[in-house]
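Architecture and fold: a report
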Amino acid sequence: MRDRDRWVLTDGAWTASASERHRTVADPATGEPVGDFPAGCAEDVERAVDSARRAQPGWARTAPAERAACLHRMAERIEARADELAELVTGEMGKPIGDSRGGVAAGIGTLRQYAELGPLHRGRSLQGGWDATDLMVHEPRGVVAVITPWNDPVAIACGLVGAAVVTGNTVVHKPSERTPHTGALLAELMAAELPPGVLTMVPGDRHAGEALAAHPGVDLVAHVGSTAAGRAIAAVAARTGAATLLENGGKDPLIVDTGVDVKWAAGQAATGCFANAGQICTSAERIYVHRDVAEEFLAALVQRAEELRVGPGRDEETALGPLVDRAQRDVVDRHVRGAIEAGARLLTGGYVPEGPGVFYPPTVLADCTENMDVMREETFGPVAAVRVVESFDEALELARESRYGLAATVLTPSMANAQRAWRELPVGTVKINAVFGGAPGGAAQPLRASGHGFGYGPELLDEMTHTKVVHLSPLPCADNRG
């Protein structure tokens, strides 16, 4: 575990935090301490931002191919320590070890993707006259604050840091206070392939995050996390002038149309609701199922839920690990209890188990209505909240009624319904007949309370840069011949 006195990365070296507060991370499967870390402070942030600002001009002048080569070496270094990183992820936030390995592999792949895309990132030119040219050139924004979540700490950090660095920015990274050891090891591996100051890191809780987002030396704040935190960052950025890139919470609908294979649809729903214990931004959080298939679908979904093996993430047979902490489990249980009190039927799960760890069983609720928190607010737990509808039109109408706009899934044999769904659902991503997946390099642009700006894909490189327009004209000559 990391030395208690070496948690702040500046100028290529790890130094002690100035914070007098420390926090302890507990293994959510056992309650045993994983380690402690400094809670962070404004002084740590000041040092990190100063280091990044001093390094940025030189890094911006570095050839794109050289920056890309650094990313390739980062990927190799992370790959060599992939098992160690995966073990840390599982130990700190509870994810099944196979999923943790998958997250590390995704991060490695993302770094390699941006290493290839970075040198190809270019603007365009316009000819205003025979002797005049306008150049539209992508330039780095400067210092990027990268504030990452705990639910997929390696893949998300690799994407944001990789895209920022390959386009010539320097980065101050603040990993989640729930996965600080994972964040510190990842920063150590990436920074080893970069000049001093190009990647800095500060540990800490929301106080450190607030200080970083509010720092006048930050040019862009890239945040993946809760809607409340995203709104706070947007408010601060409005005062400092920093740009923001925000992927926040969601309440993603899943529509099950008539005519689908019901057992297959139940499997899709179980994956969407229970993967990573429901702790994915794009988890399926509310299900609208056509009455024609509702009874059979609910029976199959309950069976799927009850077949899942719940246990510690380090067990290779575990399908559903613990929630990240007791506070998150309290939110999940409150949503479930509230729904039952308001008339929902509990078909399976829905209780806080005895014993150590922060476990919660896969839960299926029927007869849910839109006035319930489990259908309106982000639950972020292993809960399938189901409402039966009379038609696809009704499902689509209900699915649209949310302040969030992250993603949606539609399971349908009808091409006409699929076309209507992707046209009419006010979300950034619509998935037809697959609850997860997508092509490598795909982008995502959340709407409404779920954030704004492109995350992932080539478009993320645009977010990490600003466009400078340069108009080139020759000096006028007396003989008009140049």
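Everything that follows concerns the structure shown earlier in this document.
Below is a short write-up of the structure. (Residues numbered from 1 in each chain as written. Predicted model: local features only at pLDDT ≥ 70, side-chain atom pairs only at ≥ 80, totals over all residues. Heavy atoms only, no water.)

Turning to empty space enclosed by the protein, a few remarks are in order. One pass over the structure, following the stated rule, counts five cavities of 30 Å³ or more. A volume near 90 Å³ is recorded for the largest cavity. Around the largest cavity, the lining residues are Leu160, Ala222, His223, Val224, Leu245, Leu246, Glu247, His452, Gly453, Phe454, Gly455 and Tyr456. When the residues that make up the lining of the largest cavity are grouped by side-chain class, the tally is seven nonpolar, four polar and one charged. The computed volume of the second largest cavity comes to approximately 50 Å³. Lining the second largest cavity are 14 residues, with Arg286, Ala399, Ser402, Tyr404 and Val427 sitting closest to its centre. Mapped onto the lining of the second largest cavity, the elements with two or more residues apiece are strand S12 (252-256), helix H13 (392-400) and strand S17 (404-405). (1 Å grid on protein atoms, 1.4 Å probe; cavity = no way out; pocket = protein on both sides within 12 Å on 5 of 7 lines; lining within 4 Å. Points joined across faces, edges and corners; volume = space filled by probe spheres on them. Nonpolar A, V, L, I, M, F, W, Y, C, P; charged D, E, K, R; others polar. Helix = DSSP H or I, 4+ residues; strand = E, 2+ residues; numbered from the N terminus.)

Across the sheet, three strands lie side by side as S5-S6-S22; this open sheet has antiparallel pairing. Of all strands in the sheet, those bounded by a partner on one side alone are strand S5 (124-129) and strand S22 (465-472). Taken over all neighbouring pairs, the strand axes of this sheet differ in orientation by 25 degrees on average, direction set aside. As paired elements, S5 and strand S6 (residues 132-140) share five bridges and run antiparallel to each other. Note on S6: the bridge partner recorded for Gln127 is Thr133. (Pairing = 2+ DSSP bridges. Axes fitted to C-alpha atoms, helices over the stretch in contact; angles between N-to-C directions.)

On to the packing of aromatic side chains. Scanning the model with the defined rule gives two aromatic pairs in all. Centroid distance Trp7 to Phe37: 6.2 Å. Interplanar angle 50 degrees. Geometry classified as tilted. Taken as a pair, Trp7 in the segment before strand S1 (8-10) and Phe37 in strand S4 (residues 33-38) lie far apart in primary sequence, 30 residues in all. (Phe/Tyr/Trp six-rings, centres within 6.5 Å; stacked < 30°, edge-to-face > 60°.)

Looking now at the nonpolar core. Counting residues in each nonpolar core, the largest one holds 60 residues, and the members touching the most others are Ile78, Leu160 and Met464. For this core, the element with the highest residue contribution is helix H5 (residues 153-166), accounting for 10 residues. Once residues within four sequence positions are removed from consideration, Leu160 is found in contact with Val146, Thr148, Ala222, Val224, Leu245, Leu460 and Met464. Judged by nonpolar contacts, the second largest core, of 56 residues, contains Ala366, Val383, Leu425 and Val435. (Core = buried A, V, L, I, M, F, W, Y, C linked by side-chain atoms within 4.5 Å. Buried < 20%, exposed > 50% of the residue type's maximum accessible area, 1.4 Å probe, protein only. Contact = heavy atoms within 4.5 Å.)

Looking now at the state of the cysteines. The tally for this structure, following the rule as stated, stands at zero disulfides. In this model Cys158 remains outside any disulfide bridge; the closest cysteine sulfur is found in Cys70, 15 Å from its own. We classify Cys158 as buried; its relative accessible area is 0%. Cysteine Cys273 remains unbridged, with the sulfur of Cys368 as its closest cysteine sulfur at 11 Å. Among the residues examined, Cys273 registers a relative accessible area of 1% and is labelled buried. (Disulfide = S-S within 2.5 Å.)

The subject of this paragraph is H5. Between its first and last C-alpha atoms H5 spans 20 Å; for 14 residues at 1.5 Å apiece the expected length is 20 Å, and the two agree. By the criterion of burial, H5 is predominantly enclosed, with 14 of the 14 residues buried. Positioned one or two residues after H5, Gly168 has a phi angle of 100 degrees, which is positive. (Expected span 1.5 Å × (residues − 1).)

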